[in-house]
Amino acid sequence: MAMSKTTANPFRRKHLKTSAKMLGFILFFSETEIAWGAKILGVRIWPAEDYTRITLESDKALPISQQLLTNPDRLVVDVQGMEFNSTLKDLVAKVKPNDPYVSQIRVGQFQPGMVRLVFDLKEPVKPQLFTLDPIAEYQYRMVLDLYPATPPDPLMELVKSSARKESALEKANEEIDLIAQFATKKEKDAPKAPVAQAIPDVKEASAPAKHKRLITIAIDAGHGGEDPGAIGAMGSKEKHVVLSIAKRLRDKIDSDPYMRPFLTRDGDYFVPLHTRVQKARRVEADLFVSIHADAFIEPRAKGASVFALSQMGASSTMARWMANKENASDLIGGINIKTQDKQVANLLLDMSTTAQIKDSLQVGTSILKQISGFAPLHKGKVEQASFAVLKAPDIPSILVETAFISNPQEEARLNDDAYQDRIAEAILRGIKDYFSKNPPVARRTTA
């Protein structure tokens with residue numbers, strides 16, 4: 001019986017075994033490179049009252065898992081495919097004392113190829129853990145959002161903060177009613193008196209009577225957190241500039257006895273577009289003002305603009321370009337698609353009404369007129385496009401582009417305190433002008 005070539009050649013058999021071992025090592029090495037070869041590019045923490053966000057950016061997607069523990073409250077996150085290094089160590093030092101939810105972070109090598117992160121918590125949270133694919137300047141991101149187990153009620157917070165102003169307004173309204181009653185009685189008791197003598201008293205009483213309740217203005221500083229917005233040639237970030245202007249507008253509105261402000265974000269953190277709209281609706285805002293300082297592909301583009309929603313397409317190519325750019329904010333800032341309420345999103349898309357757009361155009365025109373008194377305009381009228389952040393069905397909503405941060409001259413102006421203050425003052429004057437002609441209706445009360 002003839003032997004096979006392999007059996008007959010022991011050297012060949014030994015060679016095949018060696019080759020198999022080498023192949024196995026190569027396959028193992030390749031799998032190790034795929035699983036464990038990820039490089040951490042950056043770690044960031046964005047603390048806020050709304051939620052705290054922790055981001056780990058890497059050059060490859062990483063498998064992650066989490067477990068929530070109590071007594072004491074802590075969150076354990078395991079990241080596969082990485083080794084502990086100095087970049088991860090930096091995450092520990094990034095926790096701020098004023099973080100509402102994280103007291104400290106502990107990071108260590110749990111086992112080969114797996115890093116464990118332990119978040120010691122200040123209170124119970126509802127974590128959301130998700131990953132994001134590369135976009136803009138970012139590579140793969142692992143995002144951990146820590147939401148409070150019992151979220152605060154923004155309307156209740158607003159009512160508490162404006163309680164003194166509300167009380168003063170109620171007292172003023174009572175005095176106005178007494179004056180109006182006295183004027184009416186005076187007119188009835190003196191029928192022979194000239195009509196001209198009675199009318200001034202009635203007018204005097206009715207003028208301040210327009211302010212039957214506080215007017216709530218939702219101020220929306222665009223971008224924030226992972227989403228820097230547009231960046232100027234000098235490195236100015238839109239998210240910082242517009243937050244500064246928003247806070248100036250907040251302070252001016254707060255000093256008015258008949259209005260109260262509400263910021264959709266008051267710090268450097270990301271707020272999804274639909275959440276901004278939901279926040280304004282939850283505080284029953286009478287007006288929504290979104291503040292931006294955008295960029296354009298042409299650095300010579302200049303001037304302020306005001307936008308309202310459109311259901312019929314953009315009013316210009318520029319307006320369409322702006323809307324597409326702003327609507328991409330969610331992708332850059334990072335939203336958890338799995339938890340997004342699609343029904344709410346569709347509701348906001350479908351219920352935008354003609355009345356809302358009509359009111360938005362009116363208030364936008366008033367603000368644009370005020371800005372034109374000291375700053376150049378990109379367009380002399382309110383433009384329209386399908387901005388996602390303007391789609392509250394029951395709140396007049398406008399977007400103010402304060403200037404082009406991509407224009408070096410306007411970038412310098414946007415960083416000037418005096419210009420920021422003038423922009424905020426112009427927006428306030430436009431708001432006052434609108435509500436002087438369109439006083440808000442009384443709130444419905446339920447028994």
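Just above, that's the structure.
As the structure is a computational prediction, the values presented were derived from the model and not from experiment. (Residues numbered from 1 in each chain as written. Predicted model: local features only at pLDDT ≥ 70, side-chain atom pairs only at ≥ 80, totals over all residues. Heavy atoms only, no water.)

Participant: Help me out: how do you make sense of the nonpolar core in this one?
Facilitator: General note: in soluble globular proteins, nonpolar side chains tend to be found buried as a group. One finds Ile217, Val289, Ile291, Ile427 and Ile431 to be the most contacted residues of the largest nonpolar core, which totals 42 residues. The greatest single-element share of this core, amounting to 9 residues, is contributed by helix H14 (residues 417-437). Non-local contacts of Ile217, meaning those with residues more than four positions away in its chain, are made with Ile253, Met259, Arg260, Pro261, Phe262, Leu287, Val289, Ile431 and Phe435. If you look at the next biggest cluster of nonpolar residues, it comprises 26 residues, including Leu75, Leu88, Leu91 and Val95. (Core = buried A, V, L, I, M, F, W, Y, C linked by side-chain atoms within 4.5 Å. Buried < 20%, exposed > 50% of the residue type's maximum accessible area, 1.4 Å probe, protein only. Helix = DSSP H or I, 4+ residues; strand = E, 2+ residues; numbered from the N terminus. Contact = heavy atoms within 4.5 Å.)

Participant: What is the right way to look at helix H8 (residues 273-282) in this model?
Facilitator: Burial in H8 covers these residues: Leu273, His274, Arg276, Val277, Lys279 and Ala280. Backbone geometry just after H8 places Glu284 at a positive phi near 55°.

Participant: Just to check I follow, could you spell out the layout of surface pockets for this structure?
Facilitator: Any empty space left between atoms is shown by rolling a water-sized probe over those atoms. Approximately 1,300 Å³ is the volume found for the largest pocket. Lining of the largest pocket is provided by 42 residues; of these, Asp50, Thr264, Thr275, Lys279 and Arg282 occupy positions nearest its centre. Residue assignment for the lining of the largest pocket shows that the elements contributing at least two residues are strand E7 (125-132), strand E8 (140-148), helix H4 (154-161), helix H7 (238-254), strand E10 (259-263) and H8. Per-element tally for the lining of the largest pocket: the top contributor is H8, with 5 residues. Grouping the amino acids of the lining of the largest pocket by side-chain chemistry returns 16 nonpolar, 11 polar and 15 charged. There is about 390 Å³ of room inside the second largest pocket. Considering the residues around the second largest pocket, the lining is formed by 17 residues, among which Arg213, Asp286, Pro440, Val441 and Arg443 are closest to the centre. Of the residues that constitute the lining of the second largest pocket, the class distribution is 9 nonpolar, 1 polar and 7 charged. (1 Å grid on protein atoms, 1.4 Å probe; cavity = no way out; pocket = protein on both sides within 12 Å on 5 of 7 lines; lining within 4 Å. Points joined across faces, edges and corners; volume = space filled by probe spheres on them. Nonpolar A, V, L, I, M, F, W, Y, C, P; charged D, E, K, R; others polar.)

Participant: Can you help me understand the packing of aromatic side chains in this one?
Facilitator: Working definition: an aromatic ring pair is given by the centre-to-centre distance plus the angle between the planes. On inspection of all chains with the given rule, the structure shows 5 aromatic pairs. Ring geometry for Tyr51 versus Tyr147: centroids 4.9 Å apart, planes at 15°, classification stacked. Residue Tyr51 is found in the loop between strand E1 (40-46) and strand E2 (52-58), and its partner Tyr147 is found in strand E8; the two are separated by 96 residues along the sequence. When the ring centre of Phe110 is taken as reference, the NZ or CZ atom of Arg116 above it lies at 3.7 Å. (Phe/Tyr/Trp six-rings, centres within 6.5 Å; stacked < 30°, edge-to-face > 60°. Lys NZ or Arg CZ within 6 Å of the ring centre and 35° of its normal.)

Participant: Teacher, can you tell me more about the sheet that holds E7 here?
Facilitator: In sheet architecture, strand pairing relies on hydrogen bonds along the backbone and comes in two forms, parallel and antiparallel. Taken together, 4 strands build an open sheet; the order of strands is E1-E2-E8-E7 and the sheet is antiparallel. Across the chains shown, the open sheet's two edge strands, defined by having one partner strand only, are E1 and E7. When strand polarity is set aside, the average angle formed by the axes of neighbouring strands in this sheet is 10°. Of the pairings in the sheet, the one linking E2 to E8 comprises 7 bridges and is antiparallel in character. Counted as the bridge partner of Thr52 is Leu146 from E8. Together, E1 and E2 form the strand contacts of helix H3 (residues 86-93), whose direction differs from that of E1 by roughly 10°. (Pairing = 2+ DSSP bridges. Axes fitted to C-alpha atoms, helices over the stretch in contact; angles between N-to-C directions.)

Participant: What is the right way to look at the pattern of salt bridges in this model?
Facilitator: Oppositely charged side chains are able to pair whenever their charged atoms sit close together. Under the criterion given, the structure shown has 25 salt bridges. A salt bridge links Arg276 to Asp220, with the shortest nitrogen-to-oxygen separation between them at 2.6 Å. Here Asp220 lies in strand E9 (residues 215-221) and Arg276 lies in helix H8, a separation of 56 residues in the sequence. The exposure class assigned to Asp220 is buried, which follows from its relative accessible area of 1%. One salt bridge connects Lys252 with Asp421, and the closest N-O pair in it is separated by 3.4 Å. Note that Lys252 is positioned in helix H7 and Asp421 in helix H14, a separation of 169 residues in sequence. Assessed through its relative accessible area of 17%, Lys252 is described here as buried. A residue is classified by how much of its surface remains accessible, and Asp421, at 31% relative accessible area, is partly exposed. The structure contains a network of salt bridges with shared partners spanning Arg248, Lys252, Asp417, Asp421, Glu425 and Arg429. (Salt bridge = Lys/Arg side-chain N within 4 Å of Asp/Glu carboxyl O.)

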